Amino acid sequence: MRDEPSLRRQWILLRALVSRRFGLTIREMAADAGVNPKTIRRDLDLFRSLGFPLAETSGANGCKTYRIDGNPNAPALCFRYDEALALYLGRRFLEPLAGTPFWTSAQDAMKKVRALLGEDVLGYLDRCSCLFHHTAFGGHNYEQRADLIDHLLSAMEDSKAAHILYQSDRATEPAYRDVYPYGWIYHKLALYLVALDPSEDRVKHYKLDRLDEVEVSTFPFRRPSDFTLEKHLRHSFGVFQGDGDHLIKIRFAPGVARFVAETRWHASQKLTKQRDGSVVLEMRLSCFEEVRSWVLGFGRKAVVLEPESLRREIAEELQALAEAYAPRPPRRSGVPIPSDNHRYG
């Protein structure tokens, strides 16, 4: 077992220490977690150092049990009525946690909130909830993939290689591969696994929806000490990665300039207002994959100024679109249109 703390194991341990009325022994905790007692002792030491209200009780024969009890020096953990109302109204924003070890705790908290409020109040809040709608456009539900998420979290926390069955968007069927899982990206309501592909010595992204099987191996890997997800994505416009370093300049027409200026699109962005009311956005990206479709979404109100290679790609896409939307020849009544497979003598 590696020395680094395991978030998943510790979260499950915290839940057990809170819920077990008479506490747990170190041996019981170690058996439940499948680790040695030294690992549990390190976890308990960490909880103490963070100020968690960890209570220790000596029983018969000096046997010690541990549980997390309310901190006597802290105010009771409770909510004002308006705070409980707000939490219930915002419950939908917890849905991205579905399938993770934190989902159960979130649901337990909501049960307590519901019990506090009562059925009549809940009915009123459900009617009010239409005032705060969280769109499900492009959303994903990972409740059926909880086991996959759980296995991958274990692999990340224990630095163990994972054997996955994955079908990329360009593949006709899934294939097995070995990866070194580093973390998760939550992008456009979807989860992506960030992992090193040792066969190519390159960090890749794997969309969870396309992943069917996960097996955690006993083979350890060493995650680079300076790797962070934030640093890894600093030149990405989403989840796509490239090897380039491109200065992107886009002019947005006055009609959309305010919308563009209101949003932080990238960490490197620089916005410059123009005299005509337009705005020029600059940022540094490693590839064009997602920014290309983003620019096209603005239609004629967004024009790429630099680089020329991106201008050409968008021009080619627009030409293909123009051909696809070219007027169709009128269809004459009663005259069948031959299929592409029709052969003439």
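The coordinates are above.
**Q** Help me out: how do you make sense of the pattern of salt bridges in this one?
**A** Note on pairing: side chains with opposite charge can pair once their charged atoms come close. Under the definition given, this model contains 12 salt bridges. The partner of Glu262 in a salt bridge is Arg258, and the shortest N-O contact between them spans 3.3 Å. The partner of Glu289 in a salt bridge is Arg292, with the nearest N and O atoms 3.6 Å apart. Of this pair, Glu289 and Arg292 both sit in helix α10 (residues 289–296), three residues apart, which is roughly one turn of the helix. Where salt bridges share partners, they join Asp45, Arg48, Glu56 and Lys64 into one cluster.

**Q** Would you explain the nonpolar core in this entry?
**A** Soluble globular proteins: nonpolar side chains tend toward being buried together. Membership of the largest hydrophobic core comes to 32 residues, with the highest contact counts inside it found for Leu152, Ile164, Tyr182, Trp184, Leu193 and Leu211. Elements represented by at least two residues in this core include exactly α7 (146–158), β3 (160–166), β4 (175–187), β5 (190–197), β6 (202–207) and β7 (211–220). With seven residues, β5 is the largest single contributor of residues to this core. Residues within four places of Ile164 in sequence aside, it is in contact with Ala175, Tyr176, Arg177, Val179, Tyr206, Leu211, Glu213 and Val214. If you look at the next biggest cluster of nonpolar residues, it comprises 20 residues, including Phe237, Phe298, Ala302 and Val304.

**Q** For this particular structure, what's the right way to read the layout of surface pockets?
**A** Over the atoms a probe the size of a water molecule is rolled, and this reveals where empty space is left. Counted as a void, the second largest pocket has a volume near 630 Å³. Taken together, 17 residues line the second largest pocket, and the ones lying closest to its centre are Tyr166, Ser168, Asp169, His205 and Phe240. Take the lining of the second largest pocket: its biggest share by element is six residues, from β6. In the lining of the second largest pocket, the residues fall into six nonpolar, three polar and eight charged.

**Q** Help me understand the packing of aromatic side chains, please; the structure alone is not making it clear to me.
**A** To describe a pair of aromatic rings, one takes the distance between the centres and the angle between the planes. Under the defined criterion, the tally for this structure stands at 12 aromatic pairs. Taken together, a centroid distance of 6.3 Å and an interplanar angle of 35° make the contact between Tyr180 and Phe219 tilted. With a gap of 39 residues between them, Tyr180 in strand β4 and Phe219 in strand β7 connect regions that are remote in the sequence. Each member of the aromatic cluster is reached from another via a ring pair, and the members are Phe237, Phe252, Phe259, Trp265, Trp294 and Phe298.

**Q** Looking at this model, I keep getting lost on the sheet that holds strand β11 (residues 302–306). Mind explaining?
**A** Picture the strands of a sheet paired through backbone hydrogen bonds; they go either parallel or antiparallel. Across the sheet, which stays open at both edges, the four strands sit in the order β9-β10-β8-β11 with antiparallel pairing between neighbours. Looking along the sheet, the strands with just one partner apiece sit at the ends: β9 (270–273) and β11. Averaged over all adjacent pairs, the angle separating strand axes in this sheet is 25°, with direction ignored. As paired strands, strand β8 (residues 246–252) and β11 are joined by four bridges and run antiparallel to one another. When the sheet's bridge partners are listed, Arg251 is paired in β11 with Val303. The strands touched by helix α11 (residues 308–324) within the sheet are β8 and β11, with β11 carrying the most contacts at an inclination of about 145°.

**Q** Explain the packing of helix α2 (residues 26–33) against helix α3 (residues 37–50) to me, please; I cannot follow it from the model alone.
**A** The axes of two packed helices give the description: the angle between them and the distance between them. In the contact formed by α2 and α3, the axes pass within 9 Å of each other and the chain directions differ by 105°. Considered as vectors, α2 and α3 are oriented roughly perpendicular to each other. Facing α2, whose interface residues are Ile26, Met29, Ala30 and Ala33, α3 presents Pro37, Ile40, Arg41 and Leu44.

Thresholds, definitions, all that
- Just so you know, the residues in each chain are numbered from 1, in the order the chain's sequence is written.
- A pLDDT threshold of at least 70 governs which residues receive local features in this predicted model, and a stricter bar of 80 or more applies before side-chain atom pairs are shown or counted, although totals over entire chains, interfaces and linings include all residues.
- The basis for every side-chain value is the complete set of non-hydrogen atoms in the structure, without hydrogens or water.
- Any Lys or Arg side-chain nitrogen located within 4 Å of an Asp or Glu carboxyl oxygen qualifies as a salt bridge.
- Numbering goes from the N terminus for both helices and strands, where a helix is a DSSP run of H or I of at least four residues and a strand is a run of E of at least two.
- Nonpolar core, defined: a set of buried Ala, Val, Leu, Ile, Met, Phe, Trp, Tyr and Cys residues in which side-chain atoms within 4.5 Å join the residues together.
- Exposure is judged per residue with a 1.4 Å probe applied to protein chains only, and the accessible area is read against the type maximum: over 50% gives exposed, under 20% gives buried, and values in between give partly exposed.
- Residue contacts follow a heavy-atom distance rule, with two residues in contact if any of their heavy atoms lie within 4.5 Å.
- Using a grid of 1 Å spacing that covers the protein atoms alone, one calls a set of points a cavity when a 1.4 Å probe fits there but cannot get out, and a pocket when the set is open and has protein on both sides within 12 Å along at least five of seven lines; lining residues are those with an atom within 4 Å of a point.
- Grid points are joined across faces, edges and corners, and a volume is the space filled by probe spheres set on the points.
- Gly counts as polar in this scheme, as do all residues outside two lists: the nonpolar Ala, Val, Leu, Ile, Met, Phe, Trp, Tyr, Cys and Pro, and the charged Asp, Glu, Lys and Arg.
- Aromatic rings from Phe, Tyr and Trp, taking only the six-membered ring of Trp, are treated as a pair when their centres fall within 6.5 Å; an angle between ring planes under 30 degrees marks them as stacked, one over 60 as edge-to-face, and anything in between as tilted.
- Here, a strand pair is defined by DSSP locating no fewer than two bridges between the strands.
- Note on geometry: axes are lines fitted to C-alpha atoms, helical ones only across the stretch in contact, with angles between N-to-C directions running from 0 to 180 degrees.
- Here the angle decides the label: under 35 degrees means roughly parallel, over 145 means roughly antiparallel, 65 to 115 means roughly perpendicular, and every other value means oblique.

By themselves, these are just geometric observations and shouldn't be taken as functional.
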